[in-house]
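Each chain is listed here by its residues.
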Amino acid sequence: MTPSSRPRVTLHFAQSLDGRIALPGARAVLSSEEGVRLAHRARAEHDAVLVGSRTVQVDDPQLTVRACDGRQPRRIVLAGELGVPLTARALRPGPGVMVVGVLGRATREARAKLEALGAQIRLVPAGPDGRVSLAAALGEILAWGVSRLLVEGGAGVLTAFLRERLADDATIEIAPRLFGTPAVAALGAIGVDVPERALSVTDAHVERAGPNIVVRGRVAY
């Protein structure tokens, strides 16, 4: 998939020093106050912000700009079976909401309930992992008028964007905390089988965000 056929994608997430983002089934607050402001500025600078359905179920994020001035982004949720809680804050009225599901897995009932709340529904084929095809989803998102997309997680979504070489930039906030297992790793398998094939964050800029540090740059494959 060429960059011209999809939005420019930025991954933005907070993790512990040992690369964990949450405890199983529980939210872990890792961003500092300064990091939250940085994340909200990033939302304001992008056309839309995207998360997976698991993040909506566990964290119930608003996906809005509140910690700084700026325009509100559109909100996108990847949910193969359209299994998004109808009370989710991400579904509240605003500049636009899209839920992307998988053809043949999303029920008419689930679609009707989300559409009744004002959500745009797009159904695309499944990807190699059985979840929403990111390439197909990005085509629909670009057609929706989104040229700059911010991806905030969770782990499965972040992993898939890197594994499929669909992320252009990354901003990673690192908290000086250690979780170990069974905490959830920020990334799963991204196709690196030897050290020489590791992905790089190039042109990297490092800054402080209160007690945390932030690394941002371009993802190089």
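To be clear, the structure that these remarks concern was listed above.
Here's a quick rundown of the structure.

Thresholds applied
Residues numbered from 1 in each chain as written. Predicted model: local features only at pLDDT ≥ 70, side-chain atom pairs only at ≥ 80, totals over all residues. Heavy atoms only, no water. Salt bridge = Lys/Arg side-chain N within 4 Å of Asp/Glu carboxyl O. Helix = DSSP H or I, 4+ residues; strand = E, 2+ residues; numbered from the N terminus. Buried < 20%, exposed > 50% of the residue type's maximum accessible area, 1.4 Å probe, protein only. Polar contact = N/O pair within 3.5 Å; in protein donor to acceptor, adjacent residues only side chain to side chain. Contact = heavy atoms within 4.5 Å. Pairing = 2+ DSSP bridges. Axes fitted to C-alpha atoms, helices over the stretch in contact; angles between N-to-C directions.

Next up on the list: the pattern of salt bridges. Following the criterion strictly, the structure yields 13 salt bridges and no others. Its salt-bridge partner being Glu140, residue Arg122 comes within 3.5 Å of it at the nearest N-O pair. Taken as a pair, Arg122 in strand E7 (residues 120-124) and Glu140 in helix H4 (residues 134-143) lie far apart in primary sequence, 18 residues in all. For Glu140, a relative accessible area of 29% translates into the label partly exposed.

Quick look at the side chain of Glu152 now. When you line up the elements, Glu152 lands in strand E8 (residues 148-153). A polar contact is formed between the side chain of Glu152 and the side chain of Arg43, at a distance of 2.8 Å. Those residues within four positions of Glu152 in sequence are excluded, and the remaining contacts are His12, Phe13, Arg43, Val49, Leu50, Val51, Leu63 and Leu158.

Taken in spatial order, the 9 strands make up an open sheet running E7-E6-E5-E4-E8-E1-E9-E12-E11, and their pairing is mixed. Only two strands of the sheet have a single partner each, and these edge strands are E7 and strand E11 (200-209). The average undirected angle you get between the axes of adjacent strands in this sheet is 20 degrees. Both strand E1 (residues 8-16) and E8 contribute to a ladder of 4 bridges, which runs parallel. For Arg8, the partnering residue across the bridge sits in E8 and is Arg148. The strands that helix H1 (residues 33-45) touches are E1, E8, strand E9 (169-175), E11 and strand E12 (212-220); relative to E8, the one it contacts most, it runs at about 145 degrees.

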